[in-house]
Amino acid sequence: PYEPFIVLDWFAEKEAEKQRLAIEAEFEERKREAKHRQDTRCAVTIQRVFRGSQSRWNNREFVAERKEWLNQRHLDEGKRHQLLYMAKLLIGLAPELESDTLYEKVMKRYPVWKKDFITDIVHSEWTACHKLIEQHESHQKAQGRT
């Protein structure tokens, strides 16, 4: 059958219009998905920053104490490496330093050759052991023995 070029052009224009609308719809869908992903990422970032700031605010005192202790520990390292201090540590007469851990505070009171024995006896109860040692020393001071 005979179809004039005007009709064929009209069908071609309609087909082109359909394709253009389909492409625009697909583009809008991708744009909407990209915006949703970006909004989600932004919300997660805001939540992460807020929760991190809350955590830092809640832990600020601990972090300050820890930093102060580490600074003191760094200062005490000079004393720990002195020959006289090391000799006193060997025989169990080393003075307690401000930055000593509980383990170090307990172990400094005993000579090196007894440290394995002390470690077995204390069995991870360093806080209780240190408290008992301090009570014993304060009792000796009260009795005038030290």
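In this text, all values refer to a predicted model and were calculated from it rather than measured experimentally.

### With respect to the nonpolar core
And step 1. Within the largest apolar cluster, seven residues are counted, these being Val 106, Met 107, Ile 118, Val 122, Trp 126, Cys 129 and Ile 133.
And step 2. Elements with a minimum of two residues in this core: helix 4 (102-107), helix 5 (115-122) and helix 6 (126-143).
And step 3. Counting residues per element, this core draws most heavily on helix 6, at three residues.

### Examining a negative patch on the surface
And step 1. A cluster of acidic side chains, namely Glu 61, Glu 65, Glu 68 and Glu 98, defines a negative patch on the protein surface.
And step 2. You can see Glu 65 is positioned in helix 2 (residues 60-80).
And step 3. Owing to a relative accessible area of 54%, Glu 65 belongs among the exposed residues under this scheme.

### Here's the deal with a nonpolar patch on the surface
And step 1. A grouping of Leu 90, Ile 91, Leu 93, Val 112 and Trp 113 is seen on the molecular surface, where their side chains present a nonpolar patch of about 540 Å² in accessible area.
And step 2. Turning to its location among the elements, Trp 113 is positioned in the loop between helix 4 and helix 5.

### Concerning the packing of aromatic side chains
And step 1. Counted under the stated rule, the structure contains two aromatic pairs.
And step 2. Residues Trp 10 and Phe 11 carry aromatic rings whose centres are separated by 5.2 Å and whose planes lie at 65° to one another, so their mutual orientation is edge-to-face.
And step 3. Judged by its relative accessible area of 48%, Phe 11 falls in the partly exposed class.
And step 4. The interplanar angle of 80° and the centroid separation of 4.8 Å between the aromatic rings of Tyr 103 and Trp 126 together place this pair among those described as edge-to-face. One end of the pair, Tyr 103, is in helix 4; the other, Trp 126, is in helix 6, with 23 residues separating them in the sequence.
And step 5. Classification of Tyr 103 as partly exposed rests on a relative accessible area of 39%.
And step 6. With a relative accessible area of 16%, Trp 126 lands in the buried category.

What counts, and at which threshold
Residues numbered from 1 in each chain as written. Predicted model: local features only at pLDDT ≥ 70, side-chain atom pairs only at ≥ 80, totals over all residues. Heavy atoms only, no water. Core = buried A, V, L, I, M, F, W, Y, C linked by side-chain atoms within 4.5 Å. Buried < 20%, exposed > 50% of the residue type's maximum accessible area, 1.4 Å probe, protein only. Helix = DSSP H or I, 4+ residues; strand = E, 2+ residues; numbered from the N terminus. Patch = residues over 30% accessible without salt bridge, like charges linked within 9 Å, V, L, I, M, F, W, Y side chains within 5 Å. Areas by Shrake-Rupley, 256 points an atom, 1.4 Å probe, with all protein chains shown as cover. Salt bridge = Lys/Arg side-chain N within 4 Å of Asp/Glu carboxyl O. Lys, Arg positive; Asp, Glu negative; His and termini not counted. Charge placed at Lys NZ, Arg CZ, Asp CG, Glu CD. Phe/Tyr/Trp six-rings, centres within 6.5 Å; stacked < 30°, edge-to-face > 60°.

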